[in-house]
Amino acid sequence: NKMDEFNKRKDRIKDLLKKNFNPTFIKIIDNSLMHAGHGGFDKNSKETHLFIRMISNKFKNKKKKEMHQEVYTVVREEFKNGLHALELDLGSDWL
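None of these values were measured; they are calculated from a predicted model.

Enquirer: Any chance you could explain the side chain of R9 here in plain terms?
Expert: With respect to the secondary-structure elements, R9 resides in helix α2 (residues 9–21). Once residues lying within four places of it in the same chain are set aside, the contact partners of R9 are K46, E47, T48, L50, E78, N81, G82 and L83.

Here it is, written out as structure tokens:
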């Protein structure tokens, strides 16, 4: 079922991020409804816009741009399958 597959994106991304970054904290929020009506997205568009908050020691001493590039590289396949945007809040600690 295409819709079931679609609604599992958050879980797939969480698994990918856990595997690649071994985070001490991770939270993914689906913000897609906030974007309904933008460029072809309707109220049924789920998991197209995600907010990710993640803390990982792998981000230590890295610039924001580097952290973002690493995350985008890990999830790039999802962009080919309907993911539209990520909002990222990343760090190596809670600062």
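Now that the structure has been shown, the text picks up again.
Enquirer: What should I look at first to understand unusual backbone geometry in this one?
Expert: Excluding glycine, residues mostly carry a negative phi; peptide bonds, for their part, are mostly trans. A positive phi angle, close to 45 degrees, is found at N22, a residue other than glycine. If you check the backbone angles, N61 has positive phi at about 60 degrees while not being a glycine. By the secondary structure assignment, N61 is in the loop between β2 (49–55) and α3 (64–74). The exposed category is assigned to N61, whose relative accessible area is 78%.

Enquirer: So what exactly am I meant to see when it comes to the nonpolar core here?
Expert: One broad rule of soluble globular proteins: the nonpolar side chains tend to lie buried together. Counting residues in each nonpolar core, the largest one holds 16 residues, and the members touching the most others are I13, L17, I52, M54, V71 and L86. Listing elements by their share of this core, those giving two or more residues are α2, β1 (25–30), β2, α3 and β3 (85–91). Not counting residues up to four positions away in its chain, the partners in contact with I52 are I13, L17, K27, I28, L86, E87, L88 and D89.

Enquirer: Explanation requested: the pattern of salt bridges in the structure shown.
Expert: Side-chain pairing between opposite charges can occur once the charged atoms of the two side chains come close. Counted according to the given criterion, the structure contains 5 salt bridges. The closest approach of N and O atoms between D89 and R53, which form a salt bridge, is 3.4 Å. Of this pair, D89 sits in strand β3 while R53 sits in strand β2; the two residues are 36 residues apart in sequence, bridging distant segments of the chain. Linked by salt bridges that have partners in common, R9, R12 and E78 make up one network.

About the cut-offs
- Residues numbered from 1 in each chain as written.
- Predicted model: local features only at pLDDT ≥ 70, side-chain atom pairs only at ≥ 80, totals over all residues.
- Heavy atoms only, no water.
- Helix = DSSP H or I, 4+ residues; strand = E, 2+ residues; numbered from the N terminus.
- Contact = heavy atoms within 4.5 Å.
- Buried < 20%, exposed > 50% of the residue type's maximum accessible area, 1.4 Å probe, protein only.
- Core = buried A, V, L, I, M, F, W, Y, C linked by side-chain atoms within 4.5 Å.
- Salt bridge = Lys/Arg side-chain N within 4 Å of Asp/Glu carboxyl O.

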